[in-house]
Amino acid sequence: MAENSRSESLHAVYTDAISKFDHFLMGATLAVCGYLAQSNPYAKLGLNLPTLYLISLVFFALAAFCCYKRLEHTIVLLSDNVGMLEAHEAERHDRAKQYRARLKAVSRRTNLYYKARFWMLVGGFVTYTAAKVLGPYVTPCQPPI
């Protein structure tokens, strides 16, 4: 009995920590999007530095979208997990099987958004860093007349 209690309390701590991390990451990513939208130079699309800045902003915006979808699917995952446990306790095994199938699908999507969020953040960081490093070597964009 004590072993089960420790695992349950550890799971509660884990769930709380991962939720706080996901919320923090979403807030930080949205703050980066706001900063870039406000401070980046923009011009016509083409092979120029402002386009690279725009690409970095798009990467960070997609990362924020992935953060949101991951949070959304995590809530569904927890809700379905509670439903499955209640079905097991009520000995409704057919209902528990339905929840288990949904849990697998939602879990896969949650993991997909986790990976996509990571790669979008990496892409945004790399493109923004490249734009900053290439800035002194590229001629500045001439404003339209």
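Just above, that's the structure.
Residues numbered from 1 in each chain as written. Predicted model: local features only at pLDDT ≥ 70, side-chain atom pairs only at ≥ 80, totals over all residues. Heavy atoms only, no water.

(A) Inspection of the overall build of the chain at higher detail. The secondary structure content of the chain amounts to three helices and zero strands. For 145 residues, the compact-globule estimate of 2.2 N^0.38 gives 15 Å, and the C-alpha radius of gyration of the chain, at 22 Å, exceeds that figure by more than 25%. With the principal axes as the frame, the chain shows a C-alpha extent of 75 × 30 × 20 Å. By the burial criterion, 28% of the 145 residues in the chain qualify as buried. By sequence separation, contacts in the chain at least 24 residues apart represent 73% of the contacts at least 6 residues apart. As presented, the chain carries roughly 10,300 Å² of accessible surface, and 67% of it is formed by carbon and sulfur atoms. Looking at the chain, you have 16 positive and 10 negative side-chain charges, and the mean spots of the two groups are 13 Å apart. (Helix = DSSP H or I, 4+ residues; strand = E, 2+ residues; numbered from the N terminus. Rg over C-alpha atoms; globule rule 2.2 N^0.38 Å. Buried < 20%, exposed > 50% of the residue type's maximum accessible area, 1.4 Å probe, protein only. Contact = heavy atoms within 4.5 Å. Areas by Shrake-Rupley, 256 points an atom, 1.4 Å probe, with all protein chains shown as cover. Lys, Arg positive; Asp, Glu negative; His and termini not counted. Charge placed at Lys NZ, Arg CZ, Asp CG, Glu CD.)

(B) Highlighting the side chain of Asp 22. With respect to the helices and strands, the residue Asp 22 is situated in helix α1 (residues 2–39). Look past the residues within four positions of Asp 22 in its chain and what remains in contact with it is Arg 70, Leu 71 and Arg 117.

(C) Spatial organisation of helix α2 (residues 49–89). In this model α2 runs 60 Å from its N-terminal to its C-terminal C-alpha over 41 residues, within 8% of the 60 Å that 1.5 Å per residue would give. Downstream of α2 by one or two residues, Glu 91 has phi in the positive range, about 55 degrees. (Expected span 1.5 Å × (residues − 1).)

(D) Structural view of the state of the cysteines. In total, this model carries zero disulfides according to the counting rule given. Counting only cysteine sulfurs, Cys 67 is the nearest neighbor of Cys 66, a cysteine outside any disulfide, at a range of 7.4 Å. (Disulfide = S-S within 2.5 Å.)

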